Amino acid sequence: MNDNLDDIILELERYTQENKNDDTAFFRLGNAYRKNGDIPQAIRCYLSAVEINPQSPAKEAHKML
């Protein structure tokens, strides 16, 4: 869809594979997937972020979806 957004998603996917406890990265990855129209992947990332940090803003983002 959006080449720049696809690049961001790829970069964040790589980063989260190496940094599995970075809730902010999972939240940002979820936002990128949401903007790209991939809601199931966005939800997966938001849930990962909330699992790491129950106070993550991903909790609200997940509710909104």
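Presented here is a report on the structure given in the accompanying data block. (Residues numbered from 1 in each chain as written. Predicted model: local features only at pLDDT ≥ 70, side-chain atom pairs only at ≥ 80, totals over all residues. Heavy atoms only, no water.)

1. Some points on the nonpolar core
Side chains of a nonpolar character, in soluble globular proteins, are inclined to be buried together.
For step 1, the next point in the chain: Counting residues in each nonpolar core, the largest one holds 14 residues, and the members touching the most others are Ile 9, Phe 27, Leu 29, Tyr 33, Tyr 46, Ala 49 and Ala 58.
For step 2, the next point in the chain: Elements with a minimum of two residues in this core: helix H1 (3-18), helix H2 (23-35), helix H3 (39-52) and helix H4 (58-64).
For step 3, the next point in the chain: The greatest single-element share of this core, amounting to five residues, is contributed by H2.
For step 4, the next point in the chain: Every residue in contact with Leu 29, bar those within four places of it in the chain, is listed here: Ile 9, Leu 12, Glu 13, Thr 16, Arg 44 and Cys 45. (Core = buried A, V, L, I, M, F, W, Y, C linked by side-chain atoms within 4.5 Å. Buried < 20%, exposed > 50% of the residue type's maximum accessible area, 1.4 Å probe, protein only. Helix = DSSP H or I, 4+ residues; strand = E, 2+ residues; numbered from the N terminus. Contact = heavy atoms within 4.5 Å.)

2. Let's talk about the packing of H1 against H2
Think of two packed helices as two axes; the pair is described by the angle between the axes and how far apart they sit.
For step 1, the next point in the chain: It is the contact of H1 with H2, at a shortest axis distance of 9 Å, that shows an interaxial angle of 150°. What the angle tells us is that H1 and H2 run roughly antiparallel. Of the two possible hands of crossing, H1 and H2 adopt the one that is left-handed. Counted together, Leu 5, Ile 8, Ile 9, Leu 12, Glu 13, Tyr 15 and Thr 16 of H1 and Ala 25, Phe 26, Arg 28, Leu 29, Ala 32, Tyr 33 and Lys 35 of H2 form the full contact between these two elements.
For step 2, the next point in the chain: The residue inventory of the contact of H1 with H2, partitioned by class, reads 10 nonpolar, one polar and three charged. (Axes fitted to C-alpha atoms, helices over the stretch in contact; angles between N-to-C directions. Parallel < 35°, antiparallel > 145°, perpendicular 65-115°, else oblique. Left-handed = near helix turned anticlockwise from the far one by under 90°. Nonpolar A, V, L, I, M, F, W, Y, C, P; charged D, E, K, R; others polar.)

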